[in-house]
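Architecture and fold: a report
Okay, here's what each chain looks like letter by letter:
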Amino acid sequence: MEQLRIPGPTPCPPEVLQAMTKPMISHRGGEFGQIVNTVTAKLKQFFQTKGDVFMLTSSGTGGLEATIVNTLSPGDTVLSVSIGVFGERWGTIAKQFGAEVIPLQFEWGKAADPDAIRQALRSEPKIKAVLVTHNETSTGVTNDLASISAVVKEFGKLLLVDAISSLSAINLPVDEWHCDVVVTGSQKGWMIPPGLAMVSVSEKAWQANSQAKMPRFYWDFTKARSYLEKGQTPWTPAMTTIFALAEALELMEKEGLANILARHARVGQTARDGVKSLGLSLFADEKYASNTVTAIAATNGLDPKKLNKIMREEHGIVLSGGQQKLDGKIFRIGHLGQVTEEDIKDVISALKLALPKAGFGG
Ligand SMILES: *Cc1c(COP(=O)(O)O)cnc(C)c1O
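Residues numbered from 1 in each chain as written. Predicted model: local features only at pLDDT ≥ 70, side-chain atom pairs only at ≥ 80, totals over all residues. Heavy atoms only, no water.

Comments concerning the overall build of the chain
Applicable threshold: Each helix is a run of DSSP H or I of at least 4 residues and each strand a run of E of at least 2, with the numbering of both proceeding from the N terminus. Using C-alpha atoms as the atom set, the radius of gyration is obtained and then compared with a globule rule of 2.2 Å times the number of residues to the power 0.38. Residues are treated as being in contact if the distance between any of their heavy atoms lies within 4.5 Å. What sets the accessible areas is the Shrake-Rupley method with a 1.4 Å probe; for residues, cover comes only from the shown protein chains. We score Asp and Glu as negative and Lys and Arg as positive, and we do not count His or the chain ends. Every charge is mapped onto a representative atom, which is NZ of Lys, CZ of Arg, CG of Asp or CD of Glu.
Per the secondary structure count, the chain includes twelve helices and 15 strands. For 362 residues, the compact-globule estimate of 2.2 N^0.38 gives 21 Å, and the C-alpha radius of gyration of the chain, at 20 Å, lies within 12% of that figure. On the principal axes, the C-alpha backbone points of the chain span a range of 60 × 55 × 30 Å. Long-range pairs, those at least 24 residues apart, make up 74% of the contacts in the chain between residues at least 6 apart in sequence. With the model as given, the accessible surface of the chain reaches about 14300 Å², and the carbon-plus-sulfur share is 51%. Of the side chains in the chain, 38 bear a positive and 37 a negative charge, and the two mean positions are spaced by 3 Å.

Observations concerning helix α3 (residues 60-71)
Formally: A helix is expected to span 1.5 Å for every residue after the first. Buried residues are those whose accessible area, probed at 1.4 Å on protein chains only, stays under 20% of the maximum for their type, while exposed residues exceed 50% and partly exposed ones sit between those limits.
Across its twelve residues, α3 extends 17 Å between first and last C-alpha, which sits within 8% of the 16 Å expected from 1.5 Å per residue. The buried fraction of α3 amounts to ten of the twelve residues, a majority that puts the element mostly inside the structure.

Observations regarding the packing of aromatic side chains
The description of an aromatic ring pair uses the distance of the two centres, along with the angle that the planes make with each other. Applied cut-off: Here the aromatic set is Phe, Tyr and Trp, taking the six-membered ring for Trp, and pairing holds for ring centres within 6.5 Å; pairs whose planes are under 30 degrees apart are stacked, those over 60 apart are edge-to-face, and all others are tilted.
The tally for this structure, following the rule as stated, stands at nine aromatic pairs. Between Phe47 and Trp190, the ring centres sit 6.4 Å apart and the planes meet at 25°, which makes this aromatic pair stacked. Linking Phe47 in helix α2 (residues 30-47) with Trp190 in the loop between β9 (181-185) and β10 (196-201), this pair joins segments that are 143 residues apart in sequence. With a centroid separation of 6.1 Å and 15° between ring planes, the pair formed by Tyr218 and Trp235 is classed as stacked.

Some thoughts on the sheet that holds strand β14 (residues 320-321)
Note the cut-off: Any two strands with at least two DSSP-identified bridges between them are counted as paired. Helix axes are fitted only over the stretch in contact, all axes being lines through C-alpha atoms; the angle between N-to-C directions runs from 0 to 180 degrees.
The sheet built from four strands is open, its strands ordered β11-β12-β15-β14 with antiparallel pairing. Looking at strand neighbours, the two that pair on one side only are β11 (281-282) and β14, the edges of this open sheet. Sheet analysis places β11 next to strand β12 (residues 293-297), joined by two bridges and oriented antiparallel. Its bridge partner lying in β12, Leu282 is registered against Ile296. The sheet strands contacting helix α11 (residues 304-315) are β14 and β15 (330-334), and the helix crosses β15 at an angle near 35°.

Regarding unusual backbone geometry
Across the junction of Gly8 and Pro9, the peptide omega takes the value -5°, indicating a cis bond. Structurally, Pro9 is set in the loop between β1 (3-4) and α1 (14-19). A positive phi angle, close to 55°, is found at His178, a residue other than glycine. Structurally, His178 is set in the loop between β8 (158-162) and β9. The exposure class assigned to His178 is partly exposed, which follows from its relative accessible area of 48%. Despite not being glycine, Gln324 has its phi angle at roughly 50°, a positive value. With respect to the helices and strands, the residue Gln324 is situated in the loop between β14 and β15. A relative accessible area of 56% places Gln324 in the exposed class.

Quick look at helix α4 (residues 85-96)
End to end, α4 covers 16 Å across twelve residues, agreeing with the expected 16 Å (1.5 Å per residue, within 8%). Those residues of α4 that fall on the buried side of the exposure criterion are Val85, Phe86, Gly87, Trp90, Gly91, Ile93 and Ala94. Tucked into the core, α4 has its buried residues touching α3, β3 (77-82), β4 (100-105), β5 (127-133), β6 (135-136) and β8. At the C-terminal side of α4, Gly98 shows a positive phi close to 95°.

Structural notes on the environment of Val39
By the element assignment, Val39 lies in helix α2. Residues Val39 and Met239 lie 200 residues apart in sequence; the distance between their C-alpha atoms is 12 Å. Setting aside residues no more than four positions away along its own chain, Val39 makes contact with Met55, Ile242, Leu245, Ala246 and Leu249.

Quick look at the site of the ligand
Heads up, the rule is: The nearness test applies per residue and asks whether one of its heavy atoms lies within 4 Å of the molecule or strand. Under the rule applied, a polar contact is a pair of N or O atoms within 3.5 Å (in protein, one hydrogen donor and one hydrogen acceptor; residues adjacent in sequence only if both atoms are side-chain atoms). Each residue is assigned to one of three groups, with Ala, Val, Leu, Ile, Met, Phe, Trp, Tyr, Cys and Pro labelled nonpolar, Asp, Glu, Lys and Arg labelled charged, and all others, Gly among them, labelled polar.
Ser59, Thr61, Thr137, Asp162 and Lys188 are the nearest of the 13 residues found near the ligand. Between the ligand and Ser59, the relevant distance is 2.6 Å, taken from an oxygen atom to a side-chain nitrogen or oxygen of the residue. Note that a nitrogen atom of the ligand is positioned 2.7 Å from one of the side-chain N or O atoms of Asp162. Here the ligand, which alone exposes 380 Å², has 89% of that area covered by the protein. Taken together, the elements giving at least two residues each to the shell around the ligand come down to α3 and α4. Among the residues forming the shell around the ligand, the class breakdown is two nonpolar, eight polar and three charged.

Observations concerning the domain arrangement of the chain
Operational definition: Per the annotation, domain bounds derive from an automatic or database assignment of domains. Buried area: the accessible area, evaluated with a 1.4 Å probe, that two parts lose upon being put together, summed over both parts. Salt bridge criterion: a side-chain nitrogen from Lys or Arg within 4 Å of a carboxyl oxygen from Asp or Glu.
Along its sequence, the chain is carved into domain 1 (3-7 + 257-358) and domain 2 (14-254). Between the C-alpha centres of domain 1 and domain 2 there is a distance of 26 Å. If you look at the interface, domain 1 gives 24 residues, while domain 2 gives 27 residues. Both faces considered, domain 1 and domain 2 share a buried interface measuring about 2100 Å² in area, 65% of it formed by carbon and sulfur atoms. Contact with domain 2 buries surface across domain 1, with Leu257, Tyr288 and Gln323 losing the most and accounting together for 24% of the total. Counting across the interface, domain 1 meets domain 2 through zero salt bridges. In this assembly, domain 1 and domain 2 are joined by seven residue pairs in polar contact (both at pLDDT 80 or more). Those elements giving two or more residues to the side of domain 1 that touches domain 2 turn out to be α10 (257-277), β12 and β15.

Now the structure itself:
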């Protein structure tokens, strides 16, 4: 079997795959209601929130769209902090629904500078919300969300966070950091297949929701809240993915959040040390390098597309390339969810053999 080392979808443990063979039951019945209630309570622990958490049947991007349409009105001004492909997407969604988007872009590979965010908020008092990517999967950079949040809250603005590739793997205490809506996706750090976006909603986000005029139906958080009171979702959910999540959350509870975060920190360090030991350079500013995905610059003659082909065909290891303007410029190793230091050491050993065949050093 191929080793999937991309930043989503990620490998699923056998127990999770087994849970997905469960027969269908009524999504309006008591048995499913119990599963929804249990899963929601556990999700709150991993979000580190006492606020609301909803499961939406969609990929992560659906959760981002849901966030925009539930908190904003056309014409609202938002600051879109972007350090890569997914930061750009976040701003584009807001723009599509009629927000006035002020972009604040940083060089790809770098983290967002909280002081620059402070300046932007100072110079444009109309800004209502700030869009931030916690972990920018396209560049392998984790933003300093605690510091960013402190700045956003100096100004009392809404903080809307794409944590699709970080939550459950990189620390994100939602309440402590005053995040108003946080979005994650099932196929990233949660060890389950695609199909669910999970979102937390703060009290301040609910206040914004009561004023928000953007059109919404499927994504309506007020419907999600009223159905959740009955252990239901407004629309038929991806039940199989929820069965998988119930199982994954049991495994995650057994390991414990602190241990999961520490494991990802060790795995991230193993990836960075490993690639550097081969003479490769990190694409990301190492101070902000992500513990869920490592981006490596294609230096020294390396053809990253050829490398990924060799890695797959000769070593059975699937890696990612670069997106958009990083296409052909980097390759990426995903290490989130079910992953150990040994898994990453295997990737490094295979890279050592594959690199010379892909032009590196030649
Ligand atoms: C994967 C990812 C997305 C997109 O998620 P989909 O599930 O593909 O819609 C958005 N933002 C970040 C940071 C991601 O890693």
